[in-house]
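Here is how the chains run, residue by residue.
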Amino acid sequence: MKHFTSVHDIGDLQTALQKARYVKENPFADQELGKNKTLMLIFFNSSLRTRLSTQKAGLNLGMNVIVLDINQGAWKLETERGVIMDGDKPEHILEAIPVMGAYCDIIGVRSFAQFENKEDDYNEVILNQFIQYSGKPVFSMEAATRHPLQSFADLITIEEYKKTARPKVVLTWAPHPRALPQAVPNSFAEWMNATDYEFVITHPEGYELDEKFVGNAIVEYDKEKAYRDADFIYAKNWAAYRDPNYGKILSTDRSWTVDAHKMTLTNNAYFMHCLPVRRNMIVTDDVIESPQSIVIPEAANRVVSAQAVLKEILAS
Ligand code: CP
């Protein structure tokens, strides 16, 4: 594996899951692989889980780890070519990236959608510049359109908890006070579509995702119908994708909050969310605190997905 930016880089899914299981059972078995190698993690946006789990994954593999928050302590970066740099950004990303590449062996990048230009967001301009100019293997720690380490951890978690070979997995939109990118739902849909699960997406009208990510999923606007007999409820907010509303909040309808009533419609479903989660907007206290909530093991599996990916990159 050279770069890791989506499910398309992981290869055969069953093989990847097998390797992830090995990593989980033998976290320190590959320390020689990362010896004298440096992992650099670049954050353009905040993080708790990705920051900690990816560092932990690198340390488990024997790597040295450097973390840089671009907006705290580094020079502000200009990202556009052709700009006269007489403003508050003293460094251009086209110099900064190869410099960062010179100091490490593998680079992880977190760079969210900015909702200023849909084409730039969906062309993954920042992530692709790292791939083009760093000279090093690059992996996504959540980019503008996908969050593949999260989705891989989600898949590992579903495989651990599923009670039937082909569970019904429901991705439900839920309300949020701020406009959030589509990276997590896009990516989750892409990974679920790579399985043979029954996969349903439910959201209010106007929140349709890019068809490229929806793929063969069933889109069900009636949320109660979608919840029926589900084995997993995966909640997430996202802002509108379609023009002219790209990046806008169209609804804060709290009837979409995951609550105990809707969970009773399911097949005693497990509740999942990538975290951080706004309680009583996305999910009620009683659901997230219930025995069916698996958000903590899901987050714990972020170390496993990151380590499995880093191991593949190191090995190749
Ligand atoms: N789920 C996730 O990526 O969490 P952080 O934003 O805290 O890294």
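Just above, that's the structure.
The following paragraphs examine the structure supplied in this document. None of the values given here were measured: they were computed from a predicted structure.

### Here's the deal with the sheet that holds strand S11 (residues 270-272)
Link 1 in the chain: If you trace the five strands from one edge of the open sheet to the other, you get S9-S8-S7-S10-S11, paired in parallel fashion. The outermost strands of the open sheet, each flanked by one partner alone, are strand S9 (218-219) and S11.
Link 2 in the chain: Note that strand S7 (residues 168-173) and strand S10 (residues 232-236) share five bridges and pair parallel. Looking at S10, one finds that Thr172 is bridged to Ala235.
Link 3 in the chain: On top of the sheet, helix H8 (residues 183-193) reaches S7, strand S8 (198-202) and S10; it is set at about 160 degrees to S8, its chief contact.

### Section: the packing of aromatic side chains
Link 1 in the chain: Counted according to the given criterion, the structure contains 13 aromatic pairs.
Link 2 in the chain: Between the aromatic rings of Phe4 and Trp191, the centroid separation amounts to 6.4 Å while the plane-to-plane angle is 70 degrees, which identifies the pairing as edge-to-face. Separated by 187 residues along the polypeptide, Phe4 in the segment before helix H1 (13-25) and Trp191 in helix H8 bring together distant segments of the chain.
Link 3 in the chain: Overall, Phe4 belongs to the buried group, its relative accessible area being 0%.
Link 4 in the chain: Relative to Trp191, the ring of Phe152 has its centre 5.3 Å away and its plane inclined at 25 degrees; by these criteria the two rings are stacked. Highlighted residues: Phe152 in helix H7 (residues 148-161) and Trp191 in helix H8, separated in sequence by 39 residues.
Link 5 in the chain: The class of Phe152 is buried, set by a relative accessible area of 1%.
Link 6 in the chain: For Trp191, a relative accessible area of 0% translates into the label buried.
Link 7 in the chain: What links up through ring pairs into an aromatic cluster is the set Phe115, Tyr122, Tyr241 and Tyr246.
Link 8 in the chain: The ring of Phe43 is capped by Arg51, whose NZ or CZ atom sits 4.6 Å from the centre of that ring.
Link 9 in the chain: For the cation-ring pair, Lys223 lies above Trp256, with the distance from its terminal atom to the ring centre recorded as 4.7 Å.

Rules and cut-offs
- Residues numbered from 1 in each chain as written.
- Predicted model: local features only at pLDDT ≥ 70, side-chain atom pairs only at ≥ 80, totals over all residues.
- Heavy atoms only, no water.
- Pairing = 2+ DSSP bridges.
- Helix = DSSP H or I, 4+ residues; strand = E, 2+ residues; numbered from the N terminus.
- Contact = heavy atoms within 4.5 Å.
- Axes fitted to C-alpha atoms, helices over the stretch in contact; angles between N-to-C directions.
- Phe/Tyr/Trp six-rings, centres within 6.5 Å; stacked < 30°, edge-to-face > 60°.
- Buried < 20%, exposed > 50% of the residue type's maximum accessible area, 1.4 Å probe, protein only.
- Lys NZ or Arg CZ within 6 Å of the ring centre and 35° of its normal.

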